[in-house]
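Listed below, chain by chain, are the residues.
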Amino acid sequence: MINGSTKVIGVIGDPVEHTASPTMHNAAIRDLGIDYVYVAFRVRSDELSKAIEGMRALGMVGMNVTVPHKKSVMQYLDVISPEAQAIGAVNTIVNNNGKLIGHNTDAYGFDKSIDLERRLAKLPSAVVLLGAGGAARSILYALLQRPEVERIHIINRTVKKSEALANEMDKEGRVYLGSLSEGEWDSVELLINSTSVGLFPDMASSPLRDDSIIRPDMLVVDIIYKPLKTQLMMKAEEYGATTINGLGMLVWQGARAFELWTGIQPSVEIMTSAILRNLEQ
Ligand code: ATR
């Protein structure tokens, strides 16, 4: 029951009405029987600073931040975690007695999702990352944290964006840009789609021009979770590859944020089934 002492967590974005976060977090809150509620707020870019001041004034315990505010919100916060600083984006704010701390749990979500679903002790040495947008930033950060990953090839429609991303984040010359030769594809064992190509309702599209580079020993990760199986994943399975969708990344970034706000580890099973029910509707 919501009452006079219920603590409030929110998500700000624009648009925000289709976000799965309230469903997932409120399911975890109900499961634990703790006195919190999670709500979504549509905040226009020109109202962002007021929304953050409002968060302070209202004593909200935390927020998630989504598109288009993940970068611009940083200027209004008191402290930015080293990880969020390196990624250049905040997706989680913790209100620590009036001090607002910006975190980024997306890289953690990505890491956790591939580690758990594949039970990989190590990532392969050559990786291809499709896309160079907001999601690609945190994935690239996560990949660069793994010393075993020697080559990360970024392929993006707008080459300038992938160049900028590589210049900003690649300090050790491990990032390569543009298409790969046949020989280079042969050593790629992990292919990640971080573009929005294939996302509902554009379900017939695939971000990969030539599927024939997919091999049975490849892991193909699509960070899309709507649909749960994208065109890219279907093709990958036809070629015998293992696939992972974006559900794990979504749930694990959320679970980490939940822990930052409440100090309690939520049930990822409960959060996952809440999202699955939500997707079915
Ligand atoms: P997100 O925060 O979800 O990553 P984004 O920052 O808008 O969203 O990034 C979307 C990514 O999908 C970008 O890499 C984008 O390519 P561009 O940099 O060229 O815009 C990619 N993308 C979106 N629609 C695409 C399309 N039709 N074909 C190829 N790439 C596309």
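Note that the coordinates shown come from a computational prediction; the quantities given were computed from them, not determined experimentally.

Cut-offs applied
- Residues numbered from 1 in each chain as written.
- Predicted model: local features only at pLDDT ≥ 70, side-chain atom pairs only at ≥ 80, totals over all residues.
- Heavy atoms only, no water.
- Core = buried A, V, L, I, M, F, W, Y, C linked by side-chain atoms within 4.5 Å.
- Buried < 20%, exposed > 50% of the residue type's maximum accessible area, 1.4 Å probe, protein only.
- Helix = DSSP H or I, 4+ residues; strand = E, 2+ residues; numbered from the N terminus.
- Contact = heavy atoms within 4.5 Å.
- Near = heavy atom within 4 Å.
- Polar contact = N/O pair within 3.5 Å; in protein donor to acceptor, adjacent residues only side chain to side chain.
- Areas by Shrake-Rupley, 256 points an atom, 1.4 Å probe, with all protein chains shown as cover.
- Pairing = 2+ DSSP bridges.
- Axes fitted to C-alpha atoms, helices over the stretch in contact; angles between N-to-C directions.

A.B. asks: Whenever I open this one, the nonpolar core confuses me. Can you help?
C.D. replies: Soluble globular proteins: nonpolar side chains tend toward being buried together. Membership of the largest hydrophobic core comes to 30 residues, with the highest contact counts inside it found for F110, L140, L143 and I192. Listed by contribution, the elements that provide at least two residues to this core are helix 4 (106-118), strand 7 (126-130), helix 5 (134-144), strand 8 (151-155), helix 6 (159-169), strand 10 (190-193) and strand 11 (219-222). Element by element, the count of residues in this core is highest for helix 5, at seven residues. In this structure, L140 is in contact with L129, I152, I154, L165, M169 and V175, ignoring residues within four places of it in sequence. The next biggest cluster of nonpolar side chains, apart from the first, holds 22 residues, and it includes V11, Y38, A257 and M271.

A.B. asks: Which parts of the structure should I look at to understand the site of the ligand?
C.D. replies: Looking at the ligand, the residues that line it are G131, A132, G133, G134, A135, N156, R157, T158, K161, T195, S196 and V197. Backbone polar atom of G134 to an oxygen atom of the ligand: 2.9 Å apart, as the coordinates give it. Between S196 and the ligand, the recorded distance is 3.4 Å, taken from a backbone N or O atom to an oxygen atom. When isolated, the ligand has an accessible area of 640 Å², and the protein chains bury 64% of it.

A.B. asks: Looking at this structure, I do not really get the sheet that holds strand 11. What am I missing?
C.D. replies: Strand order across the open sheet formed by six strands is 9-8-7-10-11-12, with parallel pairing between neighbours. Unpaired on one side and paired on the other, strand 9 (175-177) and strand 12 (242-244) mark the two borders of the sheet. Averaged over all pairs of adjacent strands, the angle between strand axes in this sheet comes to 20°, irrespective of strand direction. Of the pairings in the sheet, the one linking strand 7 to strand 10 comprises four bridges and is parallel in character. Its bridge partner lying in strand 10, L130 is registered against N193. Packing against the sheet, helix 6 makes contact with strand 8 and strand 9, and its axis sits at approximately 165° to strand 9.

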